[in-house]
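# Architecture and fold: a report
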Amino acid sequence: LVMDGLRPLAWVLKGKDLLVASDKPGDGMFATYAAYLLDPATGGQRRVPPLDDDAQFWPSADGRTVAFFTHQAGAEISFLDLTTGAVTPISGAIPHDREWIPPDHVAFAPDGSQLFWADFLPVPGEGVGSVAVYRANSDGSARAKLGEIETAQLRFSPDATKVLYRATAPG
């Protein structure tokens, strides 16, 4: 398949389709592109506007649902159902560092039923001192804070049951 003018972003929908980007002019501060869902078998394309313009996204294991975040002020982490196009925000999931989320700070449960993420907790006058770890169901419900870790670097395990982190606190 030749994708003239398109950049691949990710395989989705159980590896059947691709998320792709078509560049468009912008202000230079963030990457600007239009996102599409591409069926490699037919060449058919469908626009996916929530993933435009440097939106960060994390596909579930089956690629049916994508968690995403944009750099727009006040943006929440949201879910996008790629089969229906429905967008469901996680109420209150507004990261403190609103322009970017470290890619390792977000993970789906293997079955796609829940999303886990870490949010920086700023310490006034000192920068980042720790992160809070949260969970929500993939329909946006049951958001819960699971705890805090004194670190700025972490990674969720593949099954999202553990967190690997570099401690910043003494000891």
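Here is a short report on the structure shown in this document. As the structure is a prediction and not an experimental result, all values here were calculated from the model.

## Describing the environment of D62
Here D62 is to be found in the loop between β5 (56–59) and β6 (65–69). Judged by relative accessible area, D62 falls into the partly exposed class, the value being 32%. As a C-alpha pair, D62 and D111 span 49 residues in sequence and 8.0 Å in three-dimensional space. Those residues in contact with D62 that lie beyond four places of it in its chain are L13 and K14. A polar contact is formed between the side chain of D62 and the backbone nitrogen of R64, at a distance of 2.9 Å.

## Focus: the sheet that holds strand β2 (residues 17–23)
The strand order across the open sheet formed by four strands is β1-β2-β3-β4, and the pairing between neighbours is antiparallel. What marks the edges here is a single partner per strand, and that holds for β1 (6–12) and β4 (45–47). Strand-to-strand, the axes of this sheet are offset by a mean angle of 30°, without reference to chain direction. Where β1 meets β2, six bridges bridge the pair, whose relative direction is antiparallel. Pairing of L6 across the sheet is with S22, part of β2.

## Description of the sheet that holds β6
The strand order β5-β6-β7-β8 describes an open sheet built from four strands, whose pairing is antiparallel. This sheet does not close on itself; its edge strands, each paired only once, are β5 and β8 (87–89). Each strand of the sheet is rotated relative to its neighbour by a mean of 25°, with strand direction disregarded.

## A closer look at the pairing of β6
Most of β6 is tucked away, with five of its five residues classed as buried. Here β6 shows two buried faces, one formed by T65, A67 and F69 and the other by V66 and F68. Both β5 and β6 contribute to a ladder of four bridges, which runs antiparallel. Along β6, the bridge assignment pairs P59 with V66. Hairpin connection from β5 to β6: five residues lie between these consecutive antiparallel strands, with G63 at a positive phi of about 70°. Summarising the sheet, β6 and strand β7 (residues 78–81) pair through four bridges and their orientation is antiparallel.

## A look at the packing of aromatic side chains
Each aromatic ring pair is described using two quantities: the centre-to-centre distance and the angle formed by the ring planes. For the coordinates displayed, the defined rule picks out three aromatic pairs. Relative to F108, the ring of F79 has its centre 6.1 Å away and its plane inclined at 50°; by these criteria the two rings are tilted. Note that F79 is positioned in strand β7 and F108 in strand β9 (residues 106–108), a separation of 29 residues in sequence. Like F108, F79 is buried. Between F116 and F156 the ring centres are 6.3 Å apart and the planes differ by 45°, which places this aromatic pair in the tilted class. Of the two residues, F116 sits in strand β10 (residues 114–123) while F156 sits in strand β13 (residues 154–156), which places them 40 residues apart along the sequence.

## Here's the deal with unusual backbone geometry
One non-glycine residue, A142, adopts positive backbone phi at about 60°. Relative to the elements of secondary structure, A142 occurs in the loop between β11 (127–137) and β12 (144–149).

Parameters and conventions
Residues numbered from 1 in each chain as written. Predicted model: local features only at pLDDT ≥ 70, side-chain atom pairs only at ≥ 80, totals over all residues. Heavy atoms only, no water. Helix = DSSP H or I, 4+ residues; strand = E, 2+ residues; numbered from the N terminus. Buried < 20%, exposed > 50% of the residue type's maximum accessible area, 1.4 Å probe, protein only. Contact = heavy atoms within 4.5 Å. Polar contact = N/O pair within 3.5 Å; in protein donor to acceptor, adjacent residues only side chain to side chain. Pairing = 2+ DSSP bridges. Axes fitted to C-alpha atoms, helices over the stretch in contact; angles between N-to-C directions. Phe/Tyr/Trp six-rings, centres within 6.5 Å; stacked < 30°, edge-to-face > 60°.

So yeah, pure geometry; function would need other evidence.
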